[in-house]
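Remarks on the overall topology
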Amino acid sequence: MGIFDKGVQKTKRSFFEKISRAVAGHSRVDDELLDNIEEALVASDMGVDTTLKVIENLEDRVAEDKYMNTKELLEILHEEIGSLLDVNGTQAGYDADAIPFDLDAHKPYVIMIVGVNGVGKTTTIGKIASKLVAKGKKVVLGAADTFRAAAVDQLCVWAERAGVEIVKQQMGSDPAAVAYDTVRSAVAKNADVVIIDTAGRLHNRIDLMRELTKMRDVTRRVIPDAPHEVMLVLDGSTGQNAFQQAKEFMKATDINSLTVTKLDGSAKGGVVIGIVDQFQIPIKFLGIGEGIDDLKVFDKKEFVDSLFSMDDLLGKEN
């Protein structure tokens, strides 16, 4: 069983049912079949623009081989979806326990985590910290969500669980000041990685979004090229709303990686494909459960393979 099979089971079942209905009764590729597949992909939350790109590529491939059968078409669909996930920084085939950060390039490596409330930012930070500690890295967390006591308390719990240091201030403190102190502390203590939590904010709150820019700027007073990574955490179960969140956050700061959470409870995993394609930002992790080990390093091949089962789609007799 692949590492994502269990976590994307609902998405796979939904995707399987839609594609199965699309190909039912077709032994050859025709316009009706392509229309059916287009509807199935849109219904899988892949997004209209990404779906049209896939269909256009399928049409081009079909035009080259007038006698393509359904199995061949599905194999090409598998390839096309995989290619959409092949953006800079999205790897395939590495160890699931590896850490997809270029830690040798910067010390400390500064990561700022952003996203709206409820997507699982703080939990994601804790799980990433645990992975880093398991690799022998020294990690410092920054509790820059100073608007909610619960957020700071939760991060403190994760810091203790992971065995890492945390920098925090009183409720209502300037989040940028916390970010600044965290980076200074990490440099003084020769830490390998800094992970800064930010306030969960509505993507349409311009004032709060501007605060992200301020936090970025103050960290650069200590480390000129920090943060080295700004990771946007998205809730996969929100489907198309995740597209809008990504769009607005990209206006506020330079997002260069993604984590998509809560895929285990959703049938909307197609959003993963659409977001990577539309924004050309690599996914680093997928959250597929509540456990500390249920934050998985993203592997595009494993993910796409988990959605496709040719025997199931075509019927085992084929």
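The rules we used
Chains are numbered independently. Their residues run from 1 in the order of the written sequence. Since the coordinates come from a predicted model, pLDDT governs what is reported: local features require at least 70, and pairs of side-chain atoms require 80 or more to be given and counted, while whole-chain, interface and lining totals use all residues. Excluded from the side-chain calculation are hydrogens and water; included are all heavy atoms of the structure. A helix here means a DSSP run of H or I that spans at least four residues, while a strand means a run of E at least two residues long, and both kinds are numbered starting from the N terminus. To sort residues, take the accessible area from a 1.4 Å probe on protein chains only and compare it with the maximum for the residue type: under 20% means buried, over 50% means exposed, and anything in between is partly exposed. Contact criterion: two residues are considered in contact whenever any of their non-hydrogen atoms come within 4.5 Å of each other. All accessible-area figures derive from a Shrake-Rupley calculation using a 1.4 Å probe, and residue coverage is judged against the displayed protein chains alone. Any Lys or Arg side-chain nitrogen located within 4 Å of an Asp or Glu carboxyl oxygen qualifies as a salt bridge. Centre distance within 6.5 Å is the pairing criterion for rings of Phe, Tyr and Trp, where only the six-membered ring of Trp is used; planes under 30 degrees apart are then read as stacked, over 60 as edge-to-face, and the remainder as tilted. Whether a charge sits over a ring depends on NZ of Lys or CZ of Arg being within 6 Å of the ring centre and within 35 degrees of the ring normal.

Notes on the overall build of the protein
The helix and strand tally for the protein stands at 12 helices and 8 strands. Buried positions account for 55% of the 318 residues belonging to the protein. Residue pairs at least 24 apart in sequence account for 77% of intrachain contacts in the protein once pairs closer than 6 positions are excluded. Looking at the protein as shown, the accessible area adds up to about 13,900 Å², and 45% of this sits on carbon and sulfur atoms.

As for the environment of Arg 161
Inspection of the secondary structure puts Arg 161 in helix H6 (residues 149-162). As for Arg 161 and Ala 129, which are separated by 32 residues in sequence, their C-alpha atoms are 9.6 Å apart.

Things to note about the pattern of salt bridges
For the structure on display, the rule yields 14 salt bridges. Across the pair Lys 189 and Glu 165 runs a salt bridge, and its minimum N-O distance is 2.5 Å. Here Glu 165 lies in strand S3 (residues 165-167) and Lys 189 lies in the loop between helix H7 (175-188) and strand S4 (193-198), a separation of 24 residues in the sequence. Residue classification places Lys 189 among the partly exposed positions, given a relative accessible area of 37%. For the salt bridge of Asp 305 with Lys 301, the shortest nitrogen-to-oxygen distance reads 2.8 Å. Here Lys 301 and Asp 305 lie together in helix H11 (residues 300-307), a separation of 4 residues that amounts to about one turn. Several salt bridges share partner residues, and in doing so they unite Arg 61, Glu 79 and Glu 80 into one network.

Some points on the packing of aromatic side chains
The tally for this structure, following the rule as stated, stands at 4 aromatic pairs. Plain terms: the ring middles of Phe 298 and Phe 303 are 5.7 Å apart, the flat faces sit at 50° to each other, and that makes the pair tilted. You'll find Phe 298 and Phe 303 in the same group, each marked buried. Clustering of aromatic rings is evident, with ring pairs tying together Phe 101, Tyr 109 and Phe 285. The side chain of Arg 161 reaches across the aromatic face of Trp 158, ending 4.4 Å from its centre.

Focus: the environment of Val 62
Inspection of the secondary structure puts Val 62 in helix H3 (residues 48-64). Separated by 11 residues in the primary sequence, Val 62 and Leu 73 place their C-alpha atoms 7.9 Å from one another.

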